[in-house]
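# Survey of secondary and tertiary structure
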Amino acid sequence: EGRLAALASQLSEAVVVAPGPAAEALLELMVSRQVRPKPTSPRLSPAETALQPLVVGMLGKAYGMALQAAGNAECAYIRGEPPEVIVYSDEEDEAVVEAKEE
């Protein structure tokens, strides 16, 4: 990215361009390709920082459960068994599994 900016700078100094729409289009193209500084991301508040491990753990658990459900559904499909419908409840840690006939 830095090399492109340096090349654009060198070209603009070394090349004489006749005025007109083509020169303006070239200038706009070179300006659009300049490297812009990355915007800074907002910092987390102390309360958000304290909650971050909990959120990461919950997302990890949900992702693991989703992978397990997808794997079980794929295995059932390969074996030719009817798919299971899994319903997760907020009040219980265990899932309720029901076999559903097609």
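Residue positions are counted from 1 within each chain, in the order its sequence is given. For a predicted model such as this one, the threshold for reporting local features is a pLDDT of at least 70, and the threshold for listing and counting side-chain atom pairs is 80 or more; totals across whole chains, interfaces and linings nevertheless cover every residue. Hydrogens and water molecules were not included; the side-chain quantities draw on all heavy atoms of the structure.

The way it works is that DSSP assigns letters per residue, a run of H or I at least four long becomes a helix, a run of E at least two long becomes a strand, and they are numbered from the N terminus. Helices and strands together make up the secondary structure of the chain, namely three helices and two strands. Counted from the first residue to the last, the chain has its helices and strands arranged as α-α-α-β-β. To sort residues, take the accessible area from a 1.4 Å probe on protein chains only and compare it with the maximum for the residue type: under 20% means buried, over 50% means exposed, and anything in between is partly exposed. Taken across its 102 residues, the chain has 3% of its residues classed as buried.

Next up on the list: a nonpolar patch on the surface. Note that patches include only residues with greater than 30% relative accessible area and no salt bridge, and the join distances are 9 Å for like charges and 5 Å for nonpolar side chains (Val, Leu, Ile, Met, Phe, Trp, Tyr). Accessible areas in this description were obtained via Shrake-Rupley with a 1.4 Å probe; residue shielding takes into account the shown protein chains only. By convention in these notes, a salt bridge is any Lys or Arg side-chain nitrogen within 4 Å of a carboxyl oxygen on Asp or Glu. Residues Leu-51, Leu-54, Val-55, Met-58 and Leu-59 make up a contiguous nonpolar surface patch of roughly 510 Å² in combined accessible area. Take Leu-54: it is sitting in helix α3 (residues 46-79).

In predicted models, pLDDT denotes the confidence assigned by the predictor to each residue on a 0 to 100 scale. In the predicted model, the chain carries a mean pLDDT of 78, and 77% of its residues have values of at least 70. Taken element by element, the chain is modelled with least confidence in strand β2 (residues 96-99), mean pLDDT 48, and with most confidence in α3, mean pLDDT 91. It only takes one pair of heavy atoms within 4.5 Å for two residues to be counted as in contact. Segment residues 98-102 is flagged for pLDDT under 50; beyond a separation of four residues in sequence, or across chains, it makes eight contacts in the model.

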